[in-house]
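Chain residues, written in single-letter form:
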Amino acid sequence: MMSKSELSQALALWEDTEAQMAMLTGTQRSVITEMTDEVLFQKSSLEEIDTETKSSKAGGGGTSKKSDSVKNEHILNTGRDFLDYLDQMESEIQKEKNSHFSVYYNRVCDLDGQTRELQSQVDQSLEVLTFLKEQNLSASTKSNNLHSVCDELMTKMSKLNHLQSEIQAKECIFTETDRLQNVNPAINNNPESLCKMLDEIEECLQFFEKHPNYKDSPNYTIKCQAASSKILVYIKDFFKNSLDKNSVENESSNFDLFYGRLKMQSSRFFHIFQHLGNYPEKSPLKEDFEGTITECTNIFITSRKRLVIQSLQYTLEDSVQKFSRDHCSLVRSASVSLFHLLRDEENLLKEFFGPQLSGLCNEYFDAICVIFYDYLRPKIVKLSHLETLSEIATILKLELMEHVSSDTDSSLAFKNSITQLWEDVQERLVYRAYIFIKSDIQDFSPHQGDLLYPEKLQMMLAIQDDSDINRDSPADIHGMWYPTVRRTLMCLSKLYRSVEKEIFQEISHEALKACIGTNLFFIFTSF
């Protein structure tokens, strides 16, 4: 056996890096050291036992007391006793030799007991965990079921809340209908409030028409219609009273000032009438609203018609007095006054009823134009002078008819009236032209001087030779023409821009025919 120092050296060599040996861990070193100490301890014990045995045989003085004590403890009388003692000592030595294994074994047994106890606790814990898992699974299943039930309840609750909201909304419609039936529109008569009430009535009426199976739908439909009629009647009465009030004030004020007063009120009614006209075609109150607009338009036209006709008559009378001898200026002035009056009236109607005017407005414009036509026509058809009639026809056709567009209702009415007056002037002009052709051309009776045409030419040439003056001017040339030729050209020059082409061709044919006839008579008479 190696000593402790030799063992340390061996261990040092074992860990030496140059020796190429594997290094020991700290645990391995501790185990080896403990095993070495145990071997050395056993060796020292055996050496002590051998020493004692030798000293007992030799009977040394220093060890006599110890031998005596051994002898006292173990008396060896026979060989059998020695063998027993030897066996006992051998057992003790073996026991001492295996003491660390016994300690380790006892330690292992203790750990095994602890392990078994821990294993038992673990098994118990696993059983508890298994039980808890089963309980958790049961609780989770119940929780999921509870959650599903809660979801179903929440869904049903949402449906019930939605149903409650619908019921409350429907109930509000019934209560709103009762409230609207008892509302007095005169209390709050601003346009926004009136339009809002009409919208609410229209909404309630649509609801009752969509649900005719409700118990009180027919009764509440009648209530909605009654409430709507009440508001519409109030609008018509209020509109009529406002116009009547302005008409009374206008009797002592300027006509232009009346336009300003009406335009100040137009914005208030414009909002109402536009709102009534913007309802869809499927609205249950669409016919009532359109009827209200038509009645209000009729009220407005009736209120305005008397004033406008008086103003137009006054203007026409003033123009007749101012241009009593100038019929062309009279026609021009009266036509311009009519055009401006129609345009102002149309703008005023649009201020109240919007850009889309009804057929009543066209009738109103036509009525104004009829006043103009009836007043001006008798003064024109009495004219006999071709030049005046031609100039009037030119004014009506070129200045008024062709330069006035027909994009508005008033312009169209004005153009129709001017066209009708121009047709009458044309008819009068054609009539006077035929009379002129008959009397001044066809029935022309030449004088003695008219038949001296060759002498006139010779005289003109002689004058030209004596004075060396060129007398080829149009006036001189026209002066040499036969009177019927000059009259025919004058008549046709007045007609070709004033009448239609077909009529002009017919008149020119008659005029030329008459002119040629008189010229032939002149030729036969002269030669």
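Look up: the structure comes first, before these words.
Rules used throughout
- Residues numbered from 1 in each chain as written.
- Predicted model: local features only at pLDDT ≥ 70, side-chain atom pairs only at ≥ 80, totals over all residues.
- Heavy atoms only, no water.
- Helix = DSSP H or I, 4+ residues; strand = E, 2+ residues; numbered from the N terminus.
- Contact = heavy atoms within 4.5 Å.
- Areas by Shrake-Rupley, 256 points an atom, 1.4 Å probe, with all protein chains shown as cover.
- Phe/Tyr/Trp six-rings, centres within 6.5 Å; stacked < 30°, edge-to-face > 60°.
- Buried < 20%, exposed > 50% of the residue type's maximum accessible area, 1.4 Å probe, protein only.
- Lys NZ or Arg CZ within 6 Å of the ring centre and 35° of its normal.
- Expected span 1.5 Å × (residues − 1).
- Axes fitted to C-alpha atoms, helices over the stretch in contact; angles between N-to-C directions.
- Parallel < 35°, antiparallel > 145°, perpendicular 65-115°, else oblique.
- Nonpolar A, V, L, I, M, F, W, Y, C, P; charged D, E, K, R; others polar.
- 1 Å grid on protein atoms, 1.4 Å probe; cavity = no way out; pocket = protein on both sides within 12 Å on 5 of 7 lines; lining within 4 Å.
- Points joined across faces, edges and corners; volume = space filled by probe spheres on them.
- Core = buried A, V, L, I, M, F, W, Y, C linked by side-chain atoms within 4.5 Å.
- Left-handed = near helix turned anticlockwise from the far one by under 90°.

Student: Would you mind showing me how to read the overall build of the protein chain here?
Tutor: The number of helices and strands found in the protein chain is 17 helices and 0 strands. Restricting to contacts in the protein chain with at least 6 residues of sequence separation, those with at least 24 account for 74%. A total accessible area of about 33,800 Å² is found for the protein chain, and carbon and sulfur atoms account for 55% of it.

Student: Which parts of the structure should I look at to understand the packing of aromatic side chains?
Tutor: Aromatic rings in a pair are described by how distant their centres are and how their planes are angled relative to each other. For the coordinates displayed, the defined rule picks out 18 aromatic pairs. Seen from their ring centres, phenylalanine 239 and phenylalanine 353 are 6.0 Å apart, and the 75° between their planes marks the pair as edge-to-face. Residue phenylalanine 239 is found in helix 7 (residues 217-250), and its partner phenylalanine 353 is found in helix 10 (residues 327-353); the two are separated by 114 residues along the sequence. Of the two residues, phenylalanine 239 and phenylalanine 353, neither departs from the other in class, the shared state being buried. In this arrangement the basic side chain of lysine 223 is found over the ring face of tyrosine 220, its NZ or CZ atom lying 4.3 Å from the centre. The ring of tyrosine 375 has lysine 379 lying over it, and the distance from NZ or CZ to the ring centre is 4.3 Å.

Student: What am I meant to see in helix 10 here?
Tutor: Each turn of an α-helix holds 3.6 residues, which means side chains three or four residues apart point in the same direction. In this model, helix 10 (27 residues) spans 38 Å end to end at C-alpha, consistent with the 39 Å of a helix rising 1.5 Å per residue. Immediately downstream of helix 10, the backbone of glycine 354 shows phi near 90°, a positive value.

Student: I would appreciate a short explanation of helix 12 (residues 386-401) in the present structure.
Tutor: The terminal C-alpha atoms of helix 12 lie 21 Å apart, and with 16 residues this matches the ideal 22 Å at 1.5 Å per residue to within 8%. Residues Leu386, Leu389, Ser390, Ile392, Ala393, Thr394, Ile395, Leu396, Lys397, Leu400 and Met401 constitute the buried set of helix 12.

Student: Can you walk me through the packing of helix 4 (residues 79-97) against helix 5 (residues 99-181) in this structure?
Tutor: At a minimum axis distance of 4 Å, the contact between helix 4 and helix 5 shows a crossing angle of 55°. On the basis of the axis angle, helix 4 is oblique to helix 5. Between helix 4 and helix 5, the contacting residues are Lys95, Glu96 and Lys97 on the first element and Ser99, His100 and Phe101 on the second. Residues that form the contact of helix 4 with helix 5 fall into these classes: 1 nonpolar, 2 polar and 3 charged.

Student: Sorry, what's going on with empty space enclosed by the protein here?
Tutor: With the rule as written, the count across this model stands at 2 cavities of 30 Å³ or more. Asn189, Leu194, Ile235, Phe238, Arg268, Phe269 and Ile272 are the residues that line the second largest cavity. Elements represented by at least two residues in the lining of the second largest cavity include exactly helix 7 and helix 8 (255-277). Sort the elements by how many residues they give to the lining of the second largest cavity and helix 8 lands first, with 3 residues. Its residues placed into classes, the lining of the second largest cavity shows 5 nonpolar, 1 polar and 1 charged.

Student: Honestly, the nonpolar core in this entry has me stumped. Any pointers?
Tutor: What tends to happen in soluble globular proteins is that the nonpolar side chains get buried as a cluster. Ranked by internal contacts, the top residues of the largest apolar core, which has 90 residues, are Phe239, Phe273, Phe353, Phe372 and Leu396. For phenylalanine 273, the residues in contact, after removing those within four places along its chain, are Ile235, Phe239, Ile293, Cys296, Phe352 and Phe353.

Student: Explain the packing of helix 12 against helix 13 (residues 409-442) to me, please; I cannot follow it from the model alone.
Tutor: If you want to describe how two helices pack, look at the angle between their axes and the distance between the axes. Close contact between helix 12 and helix 13 brings their axes to 9 Å; oriented N to C, the two are set at 155°. The angle between helix 12 and helix 13 places the two elements in the roughly antiparallel class. Both helix 12 and helix 13 take part in a crossing whose hand is left-handed. On helix 13, the residues touching Leu386, Leu389, Ser390, Ile392, Ala393, Leu396, Lys397, Leu400 and Met401 of helix 12 are Phe414, Lys415, Ile418, Thr419, Leu421, Trp422, Val425, Arg428, Leu429, Arg432, Ala433 and Phe436. The residue inventory of the contact of helix 12 with helix 13, partitioned by class, reads 15 nonpolar, 2 polar and 4 charged.

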